[in-house]
Structure formats: structure tokens, C-alpha cells
Amino acid sequence: QDRPEATGHRRSGVAQAGRCCRPGSRSGVIHMLSDFRYRLRALFRRNAMEAEMEDELRFHLEQQADKFSRNSAPDPARNARLAFGSTEAIREECREARGTQWIEDLRQDLRYGIRALAQRPGFAAIALLTLALGIGATTVVFTVINSVLIQPLPYPDSDRLVAIHQHTDQYGEQWGVSYPDFLDLKRHTHSLAPMSAWNNGGGTISEPGLAERVNGLEISSDYFRVYGIALARGREFSSEEDRPGGPPVAIISHSLWQRRFHGSPQIIGSRLVFEGATYSVVGVAPDGFQLELPAEIYTPLGQDPAKRMQNRQARFLRVEARLSPNATTAATQAELALNSRNLARQYPKEDEGRTTLAVPLQQELVGDVSSTLWLLLGAVGLVLLIACVNVASLLLARAVSRDRELAMRVALGARRGRLIRQCLTESALLAVCGGLLGSLLAYASIGPFVTFWPGALPRAQEIHLDGWVLAFTFAVSLLTGLLSGLAPAVRAPMRELEQTLRMGGRAVTGSSRRLHSGFV
């Protein structure tokens with residue numbers, strides 16, 4: 001108190017530790033804000049606070065020495081240190097009172113882990129490659145599952161999109177619907193609006209430019225409205241155009257517009273010759289739009305002159321619809337069942353025993369690939385588990401050689417929790433680096449994975465790495481670090497330290513042999 005710098009003393013170091021250890025010395029929001037500001041200062045101005053703490057410790061030691069000096073005690077500085085106690089222990093108490101010691105410990109463990117891996121590049125390379133392969137394979141499969149199965153379809157309110165199937169006792173569930181049945185369903189089903197049908201309709205475009213074979217679809221009116229998609233230019237087919245004898249009109253894809261018409265803004269009303277007939281372009285589909293099959297040209301389904309269009313038993317159309325705003329799935333199924341019974345009474349030869357069903361469109365598009373993908377995820381999950389076991393075995397073998405180091409830490413006062421944190425930090429650092437490398441491998445492997453998938457993979461054009469996949473990879477990496485680092489952390493020597501220090505980690509203990517056997 002006699003020193004000028006003690007007046008208005010900065011509340012850090014020993015003084016701040018005492019205040020932090022006495023909750024209730026301040027109250028309410030002021031106390032909370034003060035602690036928060038102090039911890040921010042301790043986090044971002046650590047060196048300054050360490051210097052303040054050293055000044056304060058020196059001040060208290062000088063005060064004690066002055067007291068012994070006034071009492072004529074011999075060697076007052078030594079007596080002051082003995083009376084004051086362990087300054088290192090007080091330093092640790094002060095740091096713990098700041099509430100940021102765990103960050104400092106983590107920073108220290110990370111620095112030590114990086115140095116340890118750098119000293120053993122062969123071990124680090126093998127462990128990183130093992131983890132990267134396991135995490136990369138898991139990330140690739142989860143990316144596909146996330147894009148194909150988990151993420152909703154890229155259309156507004158895609159959960160209200162359904163595909164129309166028909167079921168019979170003889171043939172089971174069928175996706176095809178005849179054109180007359182489609183018209184009756186569209187006319188009498190009010191809980192599904194709009195409703196549209198489509199069929200393959202590719203052919204040759206001969207003008208403008210050179211002749212070119214393109215994929216195409218024959219679609220009914222409201223096709224794009226079902227999916228809630230606005231055309232890039234122009235409009236959809238009208239009901240007058242979607243009927244026999246209607247004017248020949250067409251909608252073209254965005255890529256065909258750029259390739260054949262050079263992106264001309266005067267595309268609407270332009271002419272093209274498709275399968276020998278001249279069509280007027282009334283619309284351009286949005287860029288990248290694709291449902292199941294890629295299409296360059298869309299023509300009205302109702303203008304198809306084929307005889308099967310009038311045959312109620314020719315079930316070749318795909319039908320999709322959107323649930324009306326107030327419609328429920330149960331009410332829709334009941335209405336479809338009623339329409340099926342009415343059709344069976346009117347056309348017993350063609351529709352008797354036939355039931356119409358509404359299936360979620362995403363389920364329709366995914367088909368049987370769902371079980372295959374989940375099974376594949378389970379398989380690569382086992383591969384990742386094997387990678388974790390291999391890395392854990394490597395870490396355990398390395399931990400055996402570090403027994404003397406860990407025993408020395410225990411002898412110097414380290415607790416089991418501190419050793420476990422250090423071991424887990426090292427393994428987590430290894431796993432996160434393996435996760436980053438695995439993410440790069442996954443990014444490079446997704447394209448070949450989709451290309452070599454047997455058959456057509458649904459929604460292949462939508463498969464990509466996104467934030468959810470990266471979060472999954474990060475979580476898998478941390479879990480991998482925990483699994484691979486837990487065994488070496490738990491077996492850290494806490495007893496028989498003298499024997500461990502003398503042996504210097506030259507022998508493999510029975511517990512380590514049992515762990516190795518368990519890993520195998």
C-alpha cells in the first residue's frame with residue numbers, strides 16, 4: 001500500500017485470481033460483464049497479463065521481505081519466499097482463475113503435436129494416408145447419399161410433387177398410364193392440380209444449321225407449372241396447342257438456344273425444322289433444367305398422331321402432379337381410389353382391377369438405388385473403422401516408446417486428465433489433417449464415382465460437395481481422432497513410475513499386448 005503503483009492496482013494476476021474465486025464480490029450484469037471483459041483480455045493480451053502477474057508477485061515478495069527485514073530476521077528474501085509458498089503454484093492458480101487456461105493448454109498441445117509429427121514424417125505420412133483413404137471414401141458415398149436421398153428436389157415445395165402409378169393384382173405396381181386415363185384423371189381429380197404427362201420424343205433438327213439428332217420430350221400443357229419452374233423466355237403450351245390439330249409449337253432447351261440460335265433475344269417466334277415439320281419456338285427452358293432424361297426440345301403431347309394415343313390399354317406415359325394447396329395425401333389417395341372405381345365401371349375391359357396411386361416424386365426418381373447407397377455407406381463405414389483401428393495401433397506402438405516421457409510428466413505433477421487431453425489432441429490433429437486430405441480426395445473422386453456407377457444414377461447432375469457434407473467430414477474426422485487416440489491415452493502410465501523411468505519404454509506391457517490383440 002505504501003508503493004505508488006499499488007494505488008488503483010490493476011486487478012489481474014493474484015488479485016484478479018482472488019476476485020474470480022470469490023463469486024458474489026460483484027453482482028448481476030456488472031459482475032458478468034467484468035468477468036467477460038477480463039477473460040477476453042486474458043485471451044488476447046496474454047503476454048501483458050503475464051507481465052502484470054509477475055510484477056504483482058514481485059511486489060508481494062518484496063512486501064514480505066520488508067516485513068522480515070524490519071524484524072531483523074536473517075536472509076529476509078529467503079524467508080519471504082518460504083512464507084509466501086510456491087510461486088509456480090500461485091501462477092497456475094491465477095491462470096486457472098482467468099477461465100482461459102484450457103485454451104492455453106490446447107494451444108500448447110497443438111504446438112507439441114505438430115512438432116512430434118514433424119519429427120516422425122514416416123509415421124505421420126502412413127497415418128495420414130490411412131485416415132485420408134477411409135475418410136475420403138466415406139465422404140464420397142455420403143456426398144452421393146446427401147444429394148440423391150437426403151436433399152429435397154430442386155423445385156419449390158418439392159415435397160408436394162407426386163408421380164402417378166397404377167397397381168393391379170396381376171402385374172403389381174406400374175408407372176405407365178394411358179393417354180385416355182390421363183385425361184380422365186386430370187378432368188376428375190381436384191386434389192392434384194396441376195397434372196402433366198410426358199413421353200420420349202427425340203428426333204432430328206435439320207434447320208437452322210446442320211442436321212443434328214437430339215433428345216426430346218412430348219409434354220402436355222402445365223408440364224413446367226407442375227414443377228414450379230418459370231421458363232427463361234416465352235411461355236408454356238396452351239390447352240389449344242396441346243390437342244390434335246393444334247399449331248406446331250416447341251419449347252427448346254437453354255443449351256440449344258445458345259448453340260443453334262446464338263442466344264438471340266428474338267428467339268420467341270423463330271422457326272426450326274424438327275422431324276421434317278416446321279415448329280414455332282414459344283419458350284426456352286431454364287438453364288440446367290433436367291428431370292429424369294435430358295431433353296433439347298419439347299413438343300405438345302396432344303399433337304402426337306400415333307394410334308396408341310387413343311388406346312386405353314397402351315400405358316406408356318409418365319404422369320406427375322402437384323398436390324393442391326389444401327389437399328392431404330390421405331384425401332388424394334381416397335379421391336384416386338374413387339376415380340379408379342369409376343373408370344373400372346365405365347371401361348371394365350381396360351381398367352377393371354386397376355388402382356391409381358400417388359407416389360412421392362423423390363421416391364419415384366430414386367427408385368431401388370436407395371438401399372444400395374445405404375449398404376455402400378455401411379461398407380465404407382467399416383473401411384473407416386478399420387482405418388481407425390490401424391491408426392490406433394500405430395499410435396499405441398508409438399505410445400509404448402513414449403512411456404518414459406509420459407511417466408516423467410506424471411512425476412512432475414501432470415494428472416491423468418491432462419495426459420489424456422494431450423494424447424487426444426495429438427490424435428485429433430492427425431485426424432483433422434487426414435480429414436482435410438480426405439476431403440480433397442473425395443472432391444477429386446466424386447466425378448469418376450458417378451461416371452462408373454453401373455446404370456444411370458438418379459439426380460447425378462445435382463451431386464456435389466456442400467456445407468452439410470463438409471460438416472459431416474469434420475465430425476467424422478473428430479470421431480476418428482477420438483477412436484484412434486483413446487487407447488493410447490487411457491494406458492498412460494500413472495503407477496510404478498520409477499520402474500517405467502528405468503525401463504525407458506523398451507518393453508511392451510501385457511495391457512498393450514491385449515489392446516493390440518483386441519485391435520486385430
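The structure reproduced in this document is the subject of the present report. (Residues numbered from 1 in each chain as written. Predicted model: local features only at pLDDT ≥ 70, side-chain atom pairs only at ≥ 80, totals over all residues. Heavy atoms only, no water.)

1. Topic: helix H11 (residues 329–346)
- The end-to-end C-alpha distance of H11 is 26 Å, a good match for the 26 Å that 18 residues give at a rise of 1.5 Å each.
- Where H11 is concerned, the buried positions are Thr-332, Glu-335, Leu-336, Asn-339, Ser-340, Leu-343 and Ala-344.
- Taken together, the buried residues of H11 touch helix H8 (179–188), strand E3 (192–200), strand E12 (318–323), helix H12 (348–351) and strand E13 (354–360). (Helix = DSSP H or I, 4+ residues; strand = E, 2+ residues; numbered from the N terminus. Expected span 1.5 Å × (residues − 1). Buried < 20%, exposed > 50% of the residue type's maximum accessible area, 1.4 Å probe, protein only. Contact = heavy atoms within 4.5 Å.)

2. Topic: helix H10 (residues 254–261)
- For H10, the set of buried residues is Leu-256, Trp-257, Arg-260 and Phe-261. Looking down the long axis of H10, one finds its buried residues gathered within 105° of arc, a one-sided arrangement.
- Where the residues of H10 are buried, they touch strand E4 (203–207), strand E5 (212–214), strand E7 (233–234), strand E8 (249–252), strand E9 (271–274) and strand E10 (277–284).
- Residue His-262 follows H10 closely and has a positive phi angle near 55°. (Arc of directions from axis to C-beta.)

3. Comments concerning the pattern of salt bridges
- The final tally for this structure, using the stated rule, is 13 salt bridges.
- Of the charged contacts, one joins Arg-259 and Glu-296 as a salt bridge, the two residues approaching to 3.5 Å between their closest N and O atoms. Pair noted here: Arg-259 is in helix H10 and Glu-296 is in the loop between E10 and strand E11 (297–300), with a separation of 37 residues, a long-range link.
- On the basis of relative accessibility, which here comes to 37%, the residue Arg-259 falls in the partly exposed class.
- The salt bridge partner of Arg-315 is Asp-351, with a shortest N-O separation of 3.2 Å. Of this pair, Arg-315 sits in the loop between E11 and E12 while Asp-351 sits in helix H12, and the two are 36 residues apart along the sequence.
- Note on Asp-351: relative accessible area 2%, which makes it buried. (Salt bridge = Lys/Arg side-chain N within 4 Å of Asp/Glu carboxyl O.)

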